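An overview of the molecular structure
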Amino acid sequence: MIEPALAIRGLVKRFDRPAVDGLDLTVRKGELYTLLGPNGAGKTTTLRMVAGLLDPDGGTIAVDGVDVARDPIAAKRIVAWLPDEPLLYDRLTPVEYLQFIAGLWSVPPDVATQRARDLLGVLGLWDHRDQRCEGFSRGMRQKTVLAGALLRDPLLMILDEPLTGLDAAAARLVKDLLHARVADGATVILTTHILDVAERLADRIGIIRAGRLVAEGTLAELRGQAGQHHSTLEELFLELVRAPVEAPAA
Amino acid sequence: MSAPAGPSTLWLARHEALLMRRDFSRIRPKVAWILLAVLAIMHLVGLSLLRELRRQGPTETQIVMVLAIAMGFIFALMLAKALTACVHVIHGRRDLDMLFSAPVPIHRIVAVRMGAAAFGTALPFLFLVMPFVNVFVAAGNFRFLGVYAVIVAIALVTSVLGLLLALVLLKSFGARRTEIAAQIVGAVFGALAFLLSQARVLLPDALRERLWLALFERAASVDQGGDPLWMWPGAAATSEPKQLLVIVVGSILFFAASIRLVAPAVAWWARASFGAPAEIAKPRASAAGERLRFRAGVLRALFVKEWRLLLRNPLTIFHTLMKSLYLAPMVVVALRADDPLLGAAAVAGLIVAIALQLASALASNTMSGEDAPDLVAAAPISPARLKLVKLAAALTPVLGVVALASLAVAAVSPRAALWTMAMSALAAAAAGMMALWHEEPPARTDLRRRQHDLSALTFIETALTVAFGGATFLAVKGSAMAFAPAAIGLAILIALAPRERRRAPA
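A quick note: this is a predicted structure, and the numbers were derived from the prediction, not measured. Throughout, a residue's number is its position along its own chain's written sequence, starting from 1. Both sets of labels track the order of writing: A upward for chains, 1 upward for ligands. Under the rules for a predicted model, residues below a pLDDT of 70 receive no local features and side-chain atom pairs below 80 are neither given nor counted, while totals for whole chains, interfaces and linings still include all residues. Hydrogens and water molecules were not included; the side-chain quantities draw on all heavy atoms of the structure.

1. Quick notes on the overall build of chain A
Secondary structure elements follow DSSP: runs of H or I no shorter than four residues count as helices, runs of E no shorter than two count as strands, and numbering proceeds from the N terminus. Of regular secondary structure, chain A possesses nine helices and ten strands. Throughout, exposure labels follow a simple rule: accessible area from a 1.4 Å probe, protein chains only, divided by the maximum for the residue type, with under 20% read as buried, over 50% as exposed, and the rest as partly exposed. Across the 250 residues that make up chain A, the buried fraction comes to 56%. Note on contacts: a residue pair qualifies if any of its non-hydrogen atoms lie within 4.5 Å across the two residues. Considering only intrachain contacts with a sequence separation of at least 6, the fraction spanning at least 24 residues in chain A is 70%. Calculation of accessible area relied on Shrake-Rupley with a 1.4 Å probe; when residues are assessed, cover is drawn exclusively from the protein chains displayed. Accessible area for chain A stands at about 10,400 Å²; split by element, carbon and sulfur atoms hold 50% of it.

Here it is in structure tokens:
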């Protein structure tokens, strides 16, 4: 049996209130999965737990069959996490940043050198490779962070709002790169508030609300579930997030 | 129909007070208790000072003169603090742009923000003098309440001067580098003020005597009915009505008029630093002229990254060296003595103190100053190992510097060199532990990182510096008393150790 790229079972995380409340989610290998949900639905909390940045209060997460709780180091080797805010070292150059990433993830030097050269070129950072990141625009920062993630050639890429603040050209570039990753067999999970992006990019869409998955499938499947065969994703999304939430089964 | 006048100054001040309260509420209870203990001890010091003064019976002129000199000293230190506070006013907090877009007169917003900066500048000094004033007032000397008024007046004046200086720095260095320039200028002011206060120790005997003589002549002229202006702050501090009125009212008028005049410039710079950072601060190319050269190894990657970032943040090292200046008088006294062992002991103590300060600065910079916490937390390395490697990267340069300095000490006294090495290692480890226990990972949304209880920790760090430096001094001199300050230092560390290990994310 082929292991899914991500298998989440009964995931629970509480802060002041439950942020993730018994979430079950499966993402297959080689698909681009988009997680949608209103603000505070638990999307980022879920993905941070997958990336090993937060400990769950309950449930299990397996990345390519590796239990994140039992073997966090092995899981982290597989996953690349891109937060919504592209945090960089202002006093490092993009090349130095990539050298650091390559060292942390133990990417062989010759492989890292070739990949860095390609990525800096593709992402339009080559001419800025020796400049410190302190003067970079948000778009350039986002692209540098993306280069760092792609440098590790991860099996699973998780991106939290990757297109926020990007201009049209940069957004297109990011979308093309993500498609290329998926075509190469990697898995991409992203959250977005731009429903148009989800509609065009995603193989499957999951809608999360109050920490639970309320709908999942391709756009056509979601339309079928809602019985609205001609609706846009926006109309479906609003319909689903407004519907009352059922209590989880005991 | 006229448009509404917008929020009043009082309304804006309440908003500012709320933000300040929130900042104070983040001080940890343990740190607050330690500060209260320090306050209690300072009351005892104040009590002994009162007894001593009663025994000596100084004249009124002498009291006013000492207070005037103290106020001058406070003025210089406050100017240093006000400068960095004013730079922070202009482009430290991101809400200024939003406030300026509100239908409120600009000068009103700047006045409230500057008032808060003045309050923040005055607060540590009010805290410092409070025990002494309390003791004197409790003994019936209510006139010393004037000290508070003078300190607030100095805060208002220095805040305006700090703001003017900040604007000059902004014009000269641009928005991005002004924060660093302001900290350097501020630190230099502070150090100069301190060195001036230590003139009695640092100056050659002949010059010192001439200065004392000039001061006595001034005092004599005051006794004969003179009223020199430089003594007015001292007189105001003893609640002399004329001087107190002039200083308090004068400072308020100076503050209000200056803010009215410079508010547009403040608004312009605040907008410029938010709106067009790329135009004001051009990106810097790396000095190294990087090539695409990748090397293997997690340890190497972490060490190289930490060292690069430390080297590119010379402010940390500069601050530490400035702090070391404060120890200069002790060494000068020791070196003037005929006993070479005394000199070696003083230098050994100084090296240990500098080692602790440097280790503390580098370790907290490395541990709390992580710019990409999510990135390193998501890396395939255990959190414990990650922290250990980061700490090692921060402390290795300190031990290197200490080793070199100890070689110089060894030329005078090998025993002193051994003590220097051992105590420096202990002091650096203590500083590392402090940085580890009080690591402040930034909130994901708070990129600028608020300084929480940093001042309180600085105070504790100073106590540890005195304890370990003092222990080294005594140990090199061969005194069995060396164990006492070392034990105090270790006791402080144990008191600060977390009772319950926080569970780090895997």
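Once you've had a look at it, read on.
2. Structural notes on the environment of B:Met367
Residues and elements named next belong to chain B. Within the secondary structure layout, methionine 367 lies in helix H16 (residues 340-368). Taking the C-alpha atoms as reference, methionine 367 lies 7.3 Å from leucine 391; in sequence the two are 24 residues apart. With residues near it in sequence (within four places) discarded, methionine 367 still touches Lys387, Lys390, Leu391, Ala435, Leu436 and Glu439.

3. Notes on the environment of A:Ala220
Residue and element names in this part refer to chain A. Tracing the backbone shows alanine 220 in helix H8 (residues 219-226). A residue is classified by how much of its surface remains accessible, and alanine 220, at 54% relative accessible area, is exposed. As a C-alpha pair, alanine 220 and serine 231 span eleven residues in sequence and 9.7 Å in three-dimensional space.

4. What to know about the packing of aromatic side chains
Stacked, edge-to-face and tilted are the three classes for Phe, Tyr and Trp ring pairs, Trp counted by its six-membered ring, which pair at centre distances within 6.5 Å; planes under 30 degrees apart are stacked, over 60 edge-to-face, the rest tilted. Counted by the stated rule, this structure contains three aromatic pairs over all chains. Judged by centre distance (5.1 Å) and plane angle (75°), the rings of B:Phe136 and B:Phe144 are edge-to-face. One exposure class covers both B:Phe136 and B:Phe144, and it is buried. Both rings, one in B:Phe303 and one in B:Trp307, keep their centres 5.2 Å apart while their planes meet at 90°; by these two values the pair is edge-to-face. Here B:Trp307 and B:Phe303 lie together in helix H13 (residues 298-311), a separation of four residues that amounts to about one turn. Sitting over the face of the ring of A:Trp126, A:Arg129 holds its NZ or CZ atom 4.0 Å from the ring centroid. In this scheme, the term charge over a ring applies when either NZ of a lysine or CZ of an arginine sits within 6 Å of the ring centre and within 35 degrees of the ring normal. Sitting over the ring of A:Trp105, A:Arg152 keeps its end group 3.8 Å from the ring centre.

5. Considering the interface of chain A and chain B
Taken residue by residue, the interface counts 48 residues in chain A and 42 residues in chain B. In this assembly, chain A packs against chain B so that about 4,200 Å² is buried in total across both faces, 61% of it on carbon and sulfur atoms. In terms of surface lost to chain B, no three residues of chain A exceed A:Tyr89, A:Arg91 and A:Arg132, which account for 16% of the buried area on that side. When a carboxyl oxygen of Asp or Glu is within 4 Å of a side-chain nitrogen of Lys or Arg, the pair counts as a salt bridge. Taken together, the connections running from chain A to chain B amount to three salt bridges. The term buried area refers to how much accessible surface (probe radius 1.4 Å) is lost by two components on association, counted for both of them together.

6. With respect to the pattern of salt bridges
As enumerated under the stated definition, the model contains 21 salt bridges over all chains in all. A:Arg204 is the partner of A:Glu31 in a salt bridge, and the nearest nitrogen-oxygen pair spans 2.8 Å. Separated by 173 residues along the polypeptide, A:Glu31 in the loop between strand E2 (18-27) and strand E3 (32-36) and A:Arg204 in strand E9 (residues 204-209) bring together distant segments of the chain. Take A:Glu31 and A:Arg204: they sit in the same class, and that class is buried. Here B:Arg143 and B:Glu60 are joined by a salt bridge, their closest N and O atoms 2.8 Å apart. Of this pair, B:Arg143 sits in the loop between helix H5 (106-138) and helix H6 (146-173) while B:Glu60 sits in helix H3 (residues 60-91), and the two are 83 residues apart along the sequence. Linked through salt bridges whose partners overlap, the residues forming this network are B:Lys305, B:Glu306, B:Glu370 and B:Lys390.

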